[in-house]
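# A closer look at the structure
One-letter residues, chain by chain:
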Amino acid sequence: MSLKVHLITFNPFEENTYLISSDQDECIIIDPGCYDTAEQNELARIIISMHLKPVRLINTHCHIDHILGNAFVSKTYNLQLEIHEGELPVLNAGPAVAGMYGIPYQASPAPGHFIKEGDEIKLGDRGLKVLFTPGHSPASICFYNEADKWVIGGDVLFYESIGRTDLPGGDYDTLINSIRSQLFTLPDDTVVYPGHGPQTTIGYEKMFNPFLR
Ligand SMILES: [Zn+2]
Ligand SMILES: [Zn+2]
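The rules we used
Starting from 1, residues in each chain are numbered consecutively following that chain's sequence as written. Labels are handed out in written order, letters beginning with A for the chains and numbers beginning with 1 for the ligands. Owing to the predicted nature of the model, reporting of local features is limited to residues with pLDDT of at least 70; listing and counting of side-chain atom pairs is limited to 80 or more, with chain, interface and lining totals taken over all residues. Heavy atoms from the whole structure form the basis of all side-chain values; hydrogens and water molecules are not counted. Secondary structure elements follow DSSP: runs of H or I of four or more residues count as helices, runs of E of two or more count as strands, with numbering from the N terminus. Atoms counted for the radius of gyration: C-alpha only. Globule rule: 2.2 Å times the number of residues to the power 0.38. Each residue's exposure class comes from its accessible area (1.4 Å probe, protein chains only) as a fraction of the maximum for that residue type: buried when under 20%, exposed when over 50%, partly exposed otherwise. Here, a salt bridge means any Lys or Arg side-chain nitrogen found within 4 Å of an Asp or Glu carboxyl oxygen. Excluding water, the donors of a metal are its N, O and S neighbours within 2.8 Å, or within 3.2 Å for Na, K and Ca, and that exclusion means sites may look incomplete. Irregular is the label for any site that misses the other tests, which are tetrahedral for four donors with all angles between 85 and 135 degrees, and square planar for four donors or octahedral for six when opposite donors exceed 155 degrees and the remaining angles lie between 65 and 115. When DSSP finds at least two bridges between two strands, those strands are taken to pair. The criterion is simple. A nonpolar core is a set of buried Ala, Val, Leu, Ile, Met, Phe, Trp, Tyr and Cys residues joined through side-chain atoms within 4.5 Å. Every axis corresponds to a line fitted to the C-alpha atoms, with the helix fit spanning only the stretch in contact, and the corresponding angles, defined between N-to-C directions, vary from 0 to 180 degrees. By definition in these notes, contact holds between two residues if any of their heavy atoms fall within 4.5 Å.

Here we come to the overall build of the chain. Check the secondary structure of the chain and you find seven helices and 14 strands. Its C-alpha atoms give the chain a radius of gyration of 16 Å, near enough to 17 Å, the size a compact globule of 213 residues would have. Overall, the C-alpha framework of the chain stretches about 45 × 45 × 25 Å when taken along its three principal axes. Within the chain, the proportion of its 213 residues that are buried is 53%.

This part covers the pattern of salt bridges. Under the criterion given, the structure shown has seven salt bridges. For glutamate 82, the salt bridge goes to arginine 56, with nearest N and O atoms at 2.7 Å. In this pair, glutamate 82 is assigned in strand β5 (residues 81–83) and arginine 56 in strand β4 (residues 53–58), connecting sequence segments 26 residues apart. Judged by its relative accessible area of 7%, glutamate 82 falls in the buried class. Arginine 56 gets classed as partly exposed once you look at its relative accessible area, which sits at 21%. Aspartate 188 is the salt-bridge partner of lysine 206, the closest N and O atoms lying 2.8 Å from each other. Taken together, the positions of lysine 206 in helix α7 (residues 202–208) and aspartate 188 in the loop between α6 (172–183) and β13 (191–194) put the pair 18 residues apart, joining distant regions of the chain.

Attention now moves to the coordination of the zinc ion (ligand 2). For the zinc ion (ligand 2), every protein donor is listed as Asp65 (OD), His66 (NE2), Asp155 (OD) and His196 (NE2), and the spread of their distances is 2.0 to 2.2 Å. In this structure, the zinc ion (ligand 2) is surrounded by four donor atoms whose angles at the metal cover 88 to 157°, and the resulting shape is irregular. Mapped onto the sequence, the donors of the zinc ion (ligand 2) take the spacing D-H-x88-D-x40-H. Between the zinc ion (ligand 2) and the zinc ion (ligand 1) the interatomic distance amounts to 3.5 Å, and aspartate 155 serves as a bridging ligand to the pair. Of the two residues, histidine 66 sits in helix α2 (residues 64–67) while aspartate 155 sits in the loop between β10 (150–154) and β11 (157–158), which places them 89 residues apart along the sequence. Summarising the burial analysis for this pair, histidine 66 and aspartate 155 share the class buried.

This part is about the sheet that holds strand β9 (residues 141–145). By way of backbone hydrogen bonds, the strands of a sheet pair with one another, either parallel or antiparallel. Across the sheet, six strands lie side by side as β7-β8-β9-β10-β13-β14; this open sheet has mixed pairing. Among the strands making up the open sheet, the edge pair consists of β7 (120–123) and β14 (200–201). Sheet topology note: the β9/β10 ladder contains three bridges and is antiparallel. Residue pairing across strands places phenylalanine 143 opposite isoleucine 152, the latter belonging to β10.

Counting 27 residues, the largest nonpolar core has Leu19, Ile29, Leu43, Ile47, Ile64, Val73 and Tyr77 as its most contacted members. Taken together, the elements giving at least two residues each to this core come down to β1 (4–10), β3 (26–30), α1 (37–49), α2, α3 (70–77), β5 and α4 (88–92). With 17 residues, the next largest nonpolar core counts Ile20, Ile30, Trp150 and Val191 among its residues.

Spatial ordering of the open sheet is given by β1-β2-β3-β4-β5-β6, a layout of six strands whose pairing is mixed. For this open sheet the edge positions go to β1 and β6 (111–114), each flanked by a neighbour on one side alone. Looking at each pair of strands side by side, their axes are set apart by 30° on average, direction ignored. One ladder, built from four bridges, connects strand β2 (residues 15–21) with β3; its direction is antiparallel. Each residue of the ladder has a partner; that of tyrosine 18, found in β3, is isoleucine 30. The strands touched by α1 within the sheet are β1, β2, β3 and β4, with β1 carrying the most contacts at an inclination of about 165°. Sheet strands touched by α3: β3, β4 and β5. Its angle to β4, the strand with the most contacts, is close to 140°.

Around a metal, the perfect tetrahedron of four donors has angles of 109.5 degrees, and the perfect octahedron of six donors has angles of 90 or 180 degrees. Those protein atoms acting as donors to the zinc ion (ligand 1) are His61 (NE2), His63 (ND1), His136 (NE2) and Asp155 (OD), and they sit at 2.1 to 2.4 Å. Here the zinc ion (ligand 1) binds four donor atoms, and the angle range of 85 to 172° at the metal identifies the geometry as irregular.

Structural data, given as structure tokens:
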């Protein structure tokens, strides 16, 4: 009865979009990064081919690479966007940031619901616990599935690296503290599914991450 994690990498930032699905084939779409018609079609085709029914749309944080597909997913599957309230300024900066990078961006809908630290996001017979992990972004959150031993980490902790802290609302010490207090307290065999690059584990990063040794 475990939840399954499906990864699709989208857009010029090579952002990892995750579909989390239950045995009942309901799925949560986290950070849809599909930015043009071809990528939108690819996401829709995957959802159809896997017979999934999207039930929630959630962002770990609202940097442009993680929200490019919000409008498409919200419209196509009739879902309200859910984010942490502290990410609102980042979400609202989306059009300006997209213009700066020169990438097409259908403006994300405003959130319909705010997610808080400690919330449990239910899917099938599982719950994803919301961890508050600011530092890369003012109110980044992670989603921890204790039963299946994995965490959706956004841009907080990467394979042998960490999220950048030079963007508005970023702070290096805050990020390091988030990782140590929220992620490095999880069991070592917890798999981390990050917002960019390959998956890793908490134990591996404790040993080999150059920013955290
Ligand atoms: Zn980011
Ligand atoms: Zn990112």
